[in-house]
Amino acid sequence: HHAALVKRLNRIEGQVRGIGRMIEEDRYCVDVLTQVSAVQSALDALALQLLEHHLHGCVQHAVKSGQGDHAIAEALSVIRKFAR
């Protein structure tokens, strides 16, 4: 799981560098914006994967050990940041 996340993040990093090159090359704005949108979507997908892992791992463990309220509140706080 960790290796897959790192691989995905490396791909996103490459996309961001590509956007930088596009700007340096004065590429058509709509093409740059399209790539920015693709990076945003890729980051959202990464965030969802991380959240899923957190819920199934950390939060589930916290609930079983009696610390669920804090873990759930923390997870909801993070989810709210993505809902903006």
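Not measured: the values here are computed from a predicted model. (Residues numbered from 1 in each chain as written. Predicted model: local features only at pLDDT ≥ 70, side-chain atom pairs only at ≥ 80, totals over all residues. Heavy atoms only, no water.)

Q: Could you give an account of the pattern of salt bridges, naming the residues involved and the relevant values?
A: Applying the stated criterion across every chain yields a total of two salt bridges. Of the charged contacts, one joins Glu 13 and Arg 17 as a salt bridge, the two residues approaching to 3.3 Å between their closest N and O atoms. One end of the pair is Glu 13 and the other is Arg 17, both in helix H1 (residues 2-24) and four residues apart, which spans about a single turn. Using a relative accessible area of 47% as the deciding quantity, one classes Arg 17 as partly exposed. (Salt bridge = Lys/Arg side-chain N within 4 Å of Asp/Glu carboxyl O. Helix = DSSP H or I, 4+ residues; strand = E, 2+ residues; numbered from the N terminus. Buried < 20%, exposed > 50% of the residue type's maximum accessible area, 1.4 Å probe, protein only.)

Q: Outline helix H2 (residues 29-64), listing residues and values.
A: Between its first and last C-alpha atoms H2 spans 51 Å; for 36 residues at 1.5 Å apiece the expected length is 52 Å, and the two agree. Along H2, the sharpest change in direction is near 35° and occurs at His 54. Of the residues making up H2, those classed as buried are Val 32, Val 39, Ala 42, Leu 46, Ala 47, Leu 51, Val 59 and Ala 62. Of the surrounding elements, those touching the buried residues of H2 are H1 and helix H3 (68-82). (Expected span 1.5 Å × (residues − 1). Bend = angle between axes of the 7 residues up to and from the residue. Contact = heavy atoms within 4.5 Å.)

Q: Explain the nonpolar core residue by residue, including any values.
A: As a rule of thumb, soluble globular proteins bury nonpolar side chains together. Counting residues in hydrophobic clusters, the biggest one holds eight residues: Leu 5, Ile 12, Ile 19, Met 22, Val 32, Val 39, Ala 42 and Leu 46. Broken down by secondary-structure element, the contributors of at least two residues to this core are H1 and H2. Dropping the residues within four chain positions of it, Leu 5 is found in contact with Leu 46, Gln 49 and Leu 50. (Core = buried A, V, L, I, M, F, W, Y, C linked by side-chain atoms within 4.5 Å.)

Q: Explain the packing of H2 against H3 residue by residue, including any values.
A: The geometry of H2 relative to H3 is characterised by a closest axis approach of 9 Å and an angle of 165° between their N-to-C directions. With respect to H3, the element H2 is oriented roughly antiparallel. H2 and H3 meet at a crossing whose hand is left-handed. For the pair H2 and H3, the contacting residues are Ala 47, Leu 51, His 54, Leu 55, Val 59, Ala 62 and Val 63 in the first and Gly 68, Ala 71, Ile 72, Glu 74, Ala 75, Ile 79 and Phe 82 in the second. (Axes fitted to C-alpha atoms, helices over the stretch in contact; angles between N-to-C directions. Parallel < 35°, antiparallel > 145°, perpendicular 65-115°, else oblique. Left-handed = near helix turned anticlockwise from the far one by under 90°.)

Q: Help me get a handle on H1, residues and values and all.
A: In this model, H1 (23 residues) spans 33 Å end to end at C-alpha, consistent with the 33 Å of a helix rising 1.5 Å per residue. For H1, the complete set of buried residues consists of Leu 5, Ile 12, Gly 18, Ile 19 and Met 22. Tucked into the core, H1 has its buried residues touching H2. Just past H1, the residue Asp 26 takes up positive phi, approximately 55°.

Q: Explain a nonpolar patch on the surface to me, and be specific about the residues and the numbers.
A: Taken together, the side chains of Val 63, Ile 72, Leu 76 and Ile 79 define a hydrophobic patch exposed on the protein surface, amounting to about 300 Å² of accessible area. As for its placement among the helices and strands, Ile 79 is situated in helix H3. Taking relative accessible area as the criterion, Ile 79 reaches 33% and is therefore assigned partly exposed. (Patch = residues over 30% accessible without salt bridge, like charges linked within 9 Å, V, L, I, M, F, W, Y side chains within 5 Å. Areas by Shrake-Rupley, 256 points an atom, 1.4 Å probe, with all protein chains shown as cover.)

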